[in-house]
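# Working through the structure, step by step
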Amino acid sequence: MNPGNTSIDVFEKLNYVNRNFSRARTEKDLEDLMVESFGLFIESSFEVIFWGIEQEEKTLIPQLYGGLTEVEKDQISAADTPEFLYKALSQKRSSTFVNCLDKKHGAALKDTCFYKSGNLLAIPAYFGDAIVSIITIFIDRQEGFGKEEESILTLIANSLTTTFEGLSVHKRQYNKLEDYISHEAFNKSVVEYGSDIVIILDPKGVILYHNPSSKETLGYNPGFLVGKNFFDFVHPKNLTHFKDGFDKSIREEKVQKLEYQFLCANGKYRYLESNSINLMDKEGVEGLILDCRDITEKIQTNHELKKQQQFIQQVIDTDPNLIYVKDEDGTFQLINQAVADLHGSTKENVIEILNAKAKAKPEELYNESKEDTEAILRGEEIIVEESFTLPDKEIRWFQTTKKALPADEGTIQMLSISVDITQRKKDAEELLSVQKAKEQFLANMSHEIRTPINGIAGLINLLAETNPTLDQKKYLNGIQSSAENLKVIINDILDISKIESGKLNFEKIGFISENQIASVIETFKYRTDEKGLQLSYHIAPEAKIVLLGDPVRLNQILMNLIGNAVKFTYAGYIKVSALVEKISKDKVIMKFEVADSGIGIPADKINSIFDSFRQADESVTRRFGGTGLGLAICKQLVELQGGSIQVQSVEREGTVFSFTIPYDKANDRDLQKLDPNNDSKLKIKELGSFDTLSILLVEDNDINQMYSSNILKKWNCKVDIAANGYIALEKIRKNDYDLILMDIQMPVMDGFETTRNIRTNFTAPKADIPIIALTANAIKGDNVKCLEVGMDDYLPKPFVPEELFNKIIKLTNIKPKDNLQETGKSDQKPIVAKSSQRRKTVVDLSYLKDISDSDEEFIKDMILSFMENSPIMIKQIKKAAKEGKWEEVGNIAHRIKPSIVFMGMNSIKDVVETIESNGLKNKNVDQIPELIAKLETTCQHAYEELKHEEVLV
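Residues numbered from 1 in each chain as written. Predicted model: local features only at pLDDT ≥ 70, side-chain atom pairs only at ≥ 80, totals over all residues. Heavy atoms only, no water.

## Examining helix α19 (residues 551-568)
Rule in force here: Helix and strand assignments come from DSSP, with helices taken as H or I runs of at least 4 residues and strands as E runs of at least 2, each series counted from the N terminus. To estimate the expected span of a helix, subtract one from its residue number and multiply by 1.5 Å. Throughout, exposure labels follow a simple rule: accessible area from a 1.4 Å probe, protein chains only, divided by the maximum for the residue type, with under 20% read as buried, over 50% as exposed, and the rest as partly exposed. Here a polar contact is taken to be a pair of N or O atoms separated by no more than 3.5 Å, where protein atoms must pair a possible hydrogen donor with a possible acceptor and residues adjacent in sequence count only if both atoms sit in side chains.
Compared with the 26 Å implied by 1.5 Å per residue over 18 residues, the 26 Å span of α19 between its first and last C-alpha is a close match. Counting buried residues along α19, 15 of its 18 residues qualify, which places the element largely inside the surrounding structure. Where α19 begins, one side-chain oxygen reaches toward the backbone nitrogen of valine 552, 3.2 Å away; that side chain belongs to aspartate 550.

## Structural notes on the pattern of salt bridges
Side-chain pairs of opposite charge can arise whenever the charged atoms involved come near each other. Inclusion rule: For salt bridges, the criterion is a side-chain nitrogen of Lys or Arg within 4 Å of an Asp or Glu carboxyl oxygen.
Counting across every chain of the model gives 28 salt bridges. Between glutamate 639 and lysine 635 there is a salt bridge, with the nearest N and O atoms lying 2.8 Å from each other. Placement of the pair is glutamate 639 and lysine 635 together in helix α21 (residues 630-640), with a separation of four residues, close to one helical turn. In this structure, the salt-bridge partner of glutamate 730 is arginine 733, at a minimum N-O distance of 2.8 Å. Here arginine 733 and glutamate 730 lie together in helix α23 (residues 725-734), a separation of three residues that amounts to about one turn.

## Quick word on helix α18 (residues 513-531)
Our working rule: The angle between axes fitted to the seven-residue stretch ending at a residue and the seven-residue stretch beginning at it gives the bend at that residue.
The end-to-end C-alpha separation of α18 is 26 Å, in line with the 27 Å expected for 19 residues at 1.5 Å each. The axis of α18 is deflected most strongly, by about 45°, at lysine 525. Residue glycine 532 follows α18 closely and has a positive phi angle near 75°.

## What to know about the sheet that holds strand β8 (residues 256-263)
Rule in force here: A strand pair is defined by DSSP finding two or more bridges across the two strands. A fitted line through C-alpha atoms represents every axis, and for helices the fit uses only the stretch in contact; the resulting angles, taken between N-to-C directions, go from 0 to 180 degrees. A contact between two residues is defined here by any heavy atoms of the two lying within 4.5 Å.
Judged by pairing direction, the sheet is antiparallel, and its five strands sit side by side in the order β7-β6-β10-β9-β8 without closing on themselves. Among the strands making up the open sheet, the edge pair consists of β7 (207-210) and β8. Looking at each pair of strands side by side, their axes are set apart by 30° on average, direction ignored. Here strand β6 (residues 197-201) pairs with β7 via three bridges, running antiparallel. Counted as the bridge partner of leucine 201 is isoleucine 207 from β7. Along the sheet face, helix α8 (residues 236-252) touches β6, β8, β9 (269-278) and β10 (288-294) and points at about 145° away from the line of β8.

## Some remarks on the UniProt feature "modified residue: Phosphohistidine" (unreviewed entry) in the protein
The cut-off we apply is this: UniProt positions are given in the numbering used here, feature names are shortened, and annotations may be inferred rather than shown by experiment.
UniProt's feature table lists "modified residue: Phosphohistidine" (unreviewed entry) at His894, given in the numbering used throughout. Looking at the element boundaries, histidine 894 is found in helix α29 (residues 886-902). A residue is classified by how much of its surface remains accessible, and histidine 894, at 29% relative accessible area, is partly exposed.

## Re the sheet that holds strand β11 (residues 322-326)
Judged by pairing direction, the sheet is antiparallel, and its five strands sit side by side in the order β12-β11-β15-β14-β13 without closing on themselves. Here the strands that pair on one side only, and so sit at the sheet edges, are β12 (332-335) and β13 (382-389). Between one strand axis and the next, the sheet turns through 25° on average, direction left out of account. Note that strand β14 (residues 395-406) and strand β15 (residues 412-420) share nine bridges and pair antiparallel.

## A few points about the packing of aromatic side chains
The condition that has to hold: Here the aromatic set is Phe, Tyr and Trp, taking the six-membered ring for Trp, and pairing holds for ring centres within 6.5 Å; pairs whose planes are under 30 degrees apart are stacked, those over 60 apart are edge-to-face, and all others are tilted.
All chains considered together, the criterion is met by 19 aromatic pairs. With a centroid separation of 4.6 Å and an interplanar angle of 45°, the aromatic rings of phenylalanine 50 and phenylalanine 164 are classed as tilted. Pair noted here: phenylalanine 50 is in strand β1 (residues 46-54) and phenylalanine 164 is in helix α5 (residues 147-182), with a separation of 114 residues, a long-range link. Pair check on accessibility: phenylalanine 50 and phenylalanine 164 agree, each one buried. Pairwise contacts between aromatic rings join Tyr220, Phe224, Phe230, Phe231, Phe233, Phe242, Phe246, Tyr260 and Phe262 into one cluster.

In structure tokens, the structure reads:
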């Protein structure tokens, strides 16, 4: 052996040898593996022979060869076995022979290892406890086999013998089986001892033979049925069917499958399934062999399964939802009664119709079953919406849940459950319609709400230009703050999408809480003084810092809470305080409290006080008014900023509302300072001028035309007016304009359609004229629509002059001339009534004077327009009311309303609004003639008063 090999190498090689032998399937495999295995341990050339022992005669027979030529194999196979091998066999141990020349058989073995010079090792090999072979290994080297080498070769020889014996046993068994088959002995075993019942019948059905298996299944002893007619044992209800199949088997000489009930020895019937074999076709003799199997349990199982299926069908038939099952090919296997009712036929007919359609139009089936296929492939549940057209053309909508279910033999079926959502879709459409109506209502309402708010803002601007004292400026700042807060509140309330989603935008502005609280306190000072209440506030020193957050939202919360306190407090105090609850490096948690000595809140109502439309008592609404939304809005605003709000109250003693809001810390650079000594607003003329700027004003309302054109003329703009979109398009064709101010709601053609015409039907540069929408609609969705149709920007009506001025600069890129140097002493005389002692009872022109900078020409034009046009409109509205054309009444009232606002006829404003609302809604129309008469009378008084105005004298 190789002295360099270690014991680990030997162990691995022996394992490898054993694995090799386990792969042997034939003697040739074993010969090849024998040479390879011995070769792992013998370095010199060698020859190996496997000698089997014939047990009866105890002779050695060569069976496997390795390393020998064909000539050597033939010589060894033909010659007698060398006698010294029997000596090794008798000694039952390995023996080494040197120069083992066999003189007796020398001639016969002269070309073999037995006639060569070398060493030959003979190893007796065991199978179990018996020696069953001798393995001889010849090497041509002079030194013999070492002890370790001999031990290893012995192990290999025993493994070889074990494998050879295993192959020999298998071969002997196989030879026996071949012999068994060749003598057809197995036929008898199959018939006599098989589990199937075998019965041989003559052409008339007489039993000639039945095997012993009939005893176990049918209870009849062997031979008992011989000579009896098979038909007598078939159940009467199956007999006709069985005879038909029997006769067919006799005629056609083909194997027929028959199923029937057979009478047993115990008097009961069992279900049998038989294959009938015509012996004429097989053996040339008349007769049939019935190979029968007992299928009673199968039939009973199928019967129970059918009962379960019937029960399941009854259950799903009671379900009003559509339930159906399809296979992988989209073939309908099961439907419930709801599906059949939907198609107006029976379940069987509907399945047939649906499957016929699938075969006729597979491409449609593919489209219809796309979701089904996807669900099958993914093995998951999907939900889709599907429509179905009824025979009467009605479309029904369903929400269908589809799920793949494992079926027999690895197949998959699709279970679908469809819920009728037709009504839900109709409800959704109606809800959408209601939502749109709601938005339209809010849009119309915003038009009316914005007018007084912007009037207040206009008055503030005008008062700021009258050189007010410091105290007056402080009051103006308070009014301005309240007006701005009111604008924000109304904008958010009107933006229904924001309110319903709970998503409000919060600013990040630097402010000092003391300034906000002081401004709010100033707003309520007049009311508290009037009620004799003590209104005060306290700011903790550490709270007098710059915060980064939304001061307008803080104002809104404080105004709601202080407003409630004023409303529900008859005597005593209202105190507002601010302190720092917690402070860190970057954050400040501010705590605000509003305490009062009012009526308090009952203990059983305090938990619901923040709910929408809820007040402490029904009587509260009747006595104090309000919607019950204020505290709900406060809670929402606080929590959306990451804070919390609480309330403590004792009935008839008072209430304390407290809330905390986290703010970012800021510094003076973040603070937007407003100096009360400086005018924050410029007069309209002081903004500047746009010489030669040509503007087309598209507006149908005379008053709005005057208001807008007056402001534009103060900026030296050239103004052209169109009363509707149709006229505007004609003017654009004939003239060139630098900018268009476009009203939205107009007769003939509204602002949206007009803008689309300009953008699509004109060529540049007219198609690209900047357009600013003028809208009284506060719904932000309409503002987006303005931009979508091609407008460049939008302004609410009535607009703030400074905002319009800035947008003109932005869209035209025209730099205005500075008019500040030109403005010195105003050469306009103050407008004073001719008789200052006369008390005005109907008209108040202060708002008109404020928005026009007391421009006499503008005021005169507005008054004359009112006096000329309103009588005509009153005549029209009376005629429409007399004819019962209430929608026209409402539209005319809508046109009159701006004139009433600009003339300051506040006593009649509600009357006009009621006429408009009731006319458009066709509601309480019997009251409208009386209201029109009141409107006419008031206007007559207004005409008389306006005749004495200075500008008309």
